[in-house]
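Here's the letter readout for the chains.
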Amino acid sequence: MNKIARVFVPACLVFVTSMAQGQTHCHSNERVVFSCSIGEKTASVCASEISSPSQGYLQYRFGALDSIEMEYPNRKQHPQGLFTAFYGTPIMDDGSRAMIASLAFGVNDYGYELTTSAVGDRSATELIVSRAEKTLATLRCRPESVINPDISFLQILSTFGFN
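The sections below set out a description of the structure shown in this document. What you see is a predicted model, and the numbers here were worked out from it, not measured in a lab. (Residues numbered from 1 in each chain as written. Predicted model: local features only at pLDDT ≥ 70, side-chain atom pairs only at ≥ 80, totals over all residues. Heavy atoms only, no water.)

Time to look at the state of the cysteines. For the structure shown, the criterion picks out two disulfides. Residue pairing for Cys26: its cysteine sulfur links by disulfide to Cys46, the two sulfurs lying 2.1 Å apart. Residues Cys26 and Cys46 are joined through a disulfide that is left-handed, its torsion about the S-S bond being -95°. Of this pair, Cys26 sits in the loop between β1 (4-6) and β2 (30-38) while Cys46 sits in strand β3 (residues 41-48), and the two are 20 residues apart along the sequence. Accessibility classification places Cys26 together with Cys46 in one group, the buried group. The side chain of Cys36 participates in a disulfide bridge whose partner is Cys141; the two sulfur atoms lie 1.9 Å from each other. Taken together, the residues span a long stretch of sequence, with Cys36 in strand β2 and Cys141 in the loop between β10 (134-140) and α1 (151-159) at a distance of 105 residues. Overall, Cys36 belongs to the buried group, its relative accessible area being 0%. Each disulfide in the protein links cysteines that, numbered along the sequence, combine into the pattern 1-3, 2-4. (Disulfide = S-S within 2.5 Å. Helix = DSSP H or I, 4+ residues; strand = E, 2+ residues; numbered from the N terminus. Buried < 20%, exposed > 50% of the residue type's maximum accessible area, 1.4 Å probe, protein only.)

What follows is the structure in structure tokens.
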């Protein structure tokens, strides 16, 4: 489950990278793997400073900056077997190359997927919530709020053994 699978899915969206480091649930002694604002709430993926295929932790946090509503896993632990990462660079109908990266996990019978994708000058970064393979919500990140949706995201994940 801890692999970055090279998936080729149609995407018509773009990577955006700007946001003040303060707009994240990650602490000063953690690395921001990914973070973005969705309305009044923030979705963040935080990692320990030290990470390897056998050490460190990865944790998803969601909620208002002063009140975390959801934390996964609920204790800091290595991400092996807890998260699935995907990365792909499909070729579009017009010959352009798109990029898509996502990090997914499940809690009980709910699925959560942070996805960012790019092609040309169009972009989107989203949190998709599903249950029993049915999408319940697609929450779009504010483009100006996104931190690390592209190569930095993948580089940090690779230190945990995702490949």
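This part is about the packing of aromatic side chains. Summed over all chains, the structure comprises five aromatic pairs. With centroids separated by 4.9 Å and ring planes inclined at 50°, the aromatic side chains of Tyr60 and Phe105 adopt a geometry described as tilted. Linking Tyr60 in strand β4 (residues 58-64) with Phe105 in strand β7 (residues 99-107), this pair joins segments that are 45 residues apart in sequence. For Tyr60, a relative accessible area of 1% corresponds to the buried category. Accessibility expressed as a relative area gives 7% for Phe105, which makes it buried. Ring centres of Tyr72 and Phe105 lie 4.6 Å apart, and the angle between their planes is 10°; this geometry places the pair in the stacked category. With a gap of 33 residues between them, Tyr72 in strand β5 (residues 67-72) and Phe105 in strand β7 connect regions that are remote in the sequence. There is no split in this pair, since Tyr72 and Phe105 are both buried. (Phe/Tyr/Trp six-rings, centres within 6.5 Å; stacked < 30°, edge-to-face > 60°.)

What follows covers the sheet that holds β2. The strand order across the open sheet built from four strands is β2-β3-β4-β5, with neighbouring strands paired in antiparallel fashion. The open sheet has two edge strands, β2 and β5, and neither has a second partner. Ignoring strand direction, the axes of neighbouring strands in this sheet form an average angle of 20°. Here β2 pairs with β3 via eight bridges, running antiparallel. Residue pairing across strands places Ser35 opposite Ser44, the latter belonging to β3. (Pairing = 2+ DSSP bridges. Axes fitted to C-alpha atoms, helices over the stretch in contact; angles between N-to-C directions.)

Moving on: the pattern of salt bridges. Following the criterion strictly, the structure yields five salt bridges and no others. With its nearest N and O atoms 3.6 Å apart, the salt bridge here joins Glu126 to Arg140. One end of the pair, Glu126, is in strand β9 (residues 122-131); the other, Arg140, is in strand β10, with 14 residues separating them in the sequence. In this structure Arg140 comes out as partly exposed when scored by relative accessible area, which is 48%. Salt bridges here are not isolated pairs; linked through shared partners, they connect Glu30, Arg61 and Glu71. (Salt bridge = Lys/Arg side-chain N within 4 Å of Asp/Glu carboxyl O.)

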